[in-house]
Amino acid sequence: MGQVGLNELPRWPGPDKIEVGWDLHPSVWGRGLATEGARAALGYGFEAVGLERIISTARADNAASRRVMEKCGLAFQEEFTHKGALVAWYAIDRADWQASQAAASQ
Ligand SMILES: CC(C)(COP(=O)(O)OP(=O)(O)OC[C@H]1O[C@@H](n2cnc3c(N)ncnc32)[C@H](O)[C@@H]1OP(=O)(O)O)[C@@H](O)C(=O)NCCC(=O)NCCS
């Protein structure tokens, strides 16, 4: 039904190149799977791999993906033209991830 996980973006122009991303078949959209999978991938990246920052990118007009990023606690950074398309990118630091997990467990 698709994939959700961490990818490396070697040509991304910023210093942080590990992205959480998703690509799900339309037949399974709307069930919260992208959000659930992205949260699991963030936990793996921060807790098991020890990453300091994870980003996420999408075309600026991809409202569903931007909503998934926001639901996972990623903060909007900017929009800019990348490879000929207007792109929006978001990011979350390990400290903010850990704070969100602590708050959720209370
Ligand atoms: C983006 C995508 C992953 C969504 O998957 P999903 O499992 O349906 O996502 P979720 O159910 O976890 O969450 C989707 C959220 O976006 C919202 N949403 C969906 N369509 C929307 C739209 N057109 N405008 C605004 N919000 C929208 C949903 O209401 C939901 O938010 P909510 O829980 O607050 O109601 C899916 O559309 C997809 O795989 N698209 C193709 C690949 C892609 O675009 N990948 C990202 C490129 S980097």
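The structure this text deals with has already been given above.
Just so it is clear, the model here is predicted, and its values are computed rather than measured. (Residues numbered from 1 in each chain as written. Predicted model: local features only at pLDDT ≥ 70, side-chain atom pairs only at ≥ 80, totals over all residues. Heavy atoms only, no water.)

Description of the overall build of the protein chain
We count it as follows: Helix and strand assignments follow DSSP, with helices taken as H or I runs no shorter than four residues and strands as E runs no shorter than two, numbered in order from the N terminus. When we talk radius of gyration, it's over C-alpha atoms, and the globule rule is simply 2.2 Å times the number of residues to the 0.38. Residues count as neighbours in contact if any of their non-hydrogen atoms are within 4.5 Å of one another. Positive charges come from Lys and Arg, negative ones from Asp and Glu, while His and the chain ends are left out of the count. Where a charge lies is defined by one atom per residue type: Lys uses NZ, Arg uses CZ, Asp uses CG and Glu uses CD.
Each helix and strand counted, the protein chain has three helices and five strands in total. Secondary structure elements of the protein chain, listed N to C terminal, follow the sequence β-β-α-β-α-β-β-α. By the compact-globule yardstick of 13 Å for 106 residues, the protein chain fits well, its C-alpha radius of gyration being 13 Å. In terms of overall dimensions, the protein chain has a C-alpha envelope of 45 × 35 × 20 Å along the principal axes. Counting contacts in the protein chain only where the partners sit at least 6 residues apart, residues at least 24 apart contribute 55% of the total. A distance of 4 Å separates the average location of the 11 positive side-chain charges in the protein chain from that of its 13 negative side-chain charges.

Points about the nonpolar core
Cut-off, in case you're wondering: Here, nonpolar core means buried Ala, Val, Leu, Ile, Met, Phe, Trp, Tyr and Cys residues that are tied together by side-chain atoms lying within 4.5 Å of each other. Exposure classes here rest on a 1.4 Å probe applied to the protein chains alone. A residue is buried below 20% of its type maximum, exposed above 50%, and partly exposed in between.
One finds V20, W22, L42, F46 and L74 to be the most contacted residues of the largest nonpolar core, which totals 21 residues. Secondary structure elements with two or more residues in this core: strand 2 (18-24), helix 1 (33-49), strand 3 (53-59), helix 2 (63-71) and strand 5 (85-93). With five residues, helix 1 is the largest single contributor of residues to this core. Ranked by size, the runner-up nonpolar core spans five residues in total, among them W12, I55, W89 and A91.

Points about the packing of helix 1 against helix 3 (residues 94-104)
Note the threshold: For helices, the fitted axis covers only the stretch in contact; all axes are lines through C-alpha atoms, and the angles between them, taken along N-to-C directions, range from 0 to 180 degrees. Reported orientations rely on four angle classes, namely roughly parallel under 35 degrees, roughly antiparallel over 145, roughly perpendicular from 65 to 115, and oblique for the rest. Helix crossings fall into two classes, left-handed where the near helix is turned counterclockwise from the far one by less than a right angle and right-handed where it is turned clockwise. Residues are grouped as follows: Ala, Val, Leu, Ile, Met, Phe, Trp, Tyr, Cys and Pro are nonpolar; Asp, Glu, Lys and Arg are charged; every other residue, Gly included, is polar.
Viewed as axis vectors pointing N to C, helix 1 and helix 3 meet at an angle of 120°, and their least axial separation amounts to 10 Å. Taken as axis vectors, helix 1 and helix 3 run oblique relative to one another. Of the two elements, helix 1 crosses helix 3, and the hand of that crossing is left-handed. For the pair formed by helix 1 and helix 3, the contact residues are R39, L42, G43, F46 and E47 on the first element and R94, W97 and Q98 on the second. In terms of residue class, the contact of helix 1 with helix 3 is made up of three nonpolar, two polar and three charged.

Some points on the environment of A64
Position of A64 among the secondary structure elements: in helix 2. Spatially, the C-alpha atom of A64 lies 9.8 Å from that of A34, the residues being 30 residues apart in sequence.

What to know about the pattern of salt bridges
Rule in force here: When a carboxyl oxygen of Asp or Glu lies within 4 Å of a side-chain nitrogen of Lys or Arg, that pair is called a salt bridge.
Enumeration over the complete set of coordinates arrives at six salt bridges. With its nearest N and O atoms 3.5 Å apart, the salt bridge here joins R53 to D16. Of this pair, R53 sits in strand 3 while D16 sits in the loop between strand 1 (2-8) and strand 2, and the two are 37 residues apart along the sequence. The class for R53 is partly exposed, based on a relative accessible area of 24%. Its relative accessible area of 22% is what places D16 among the partly exposed residues. One salt-bridge network, held together by shared partners, links D16, R53 and D93.

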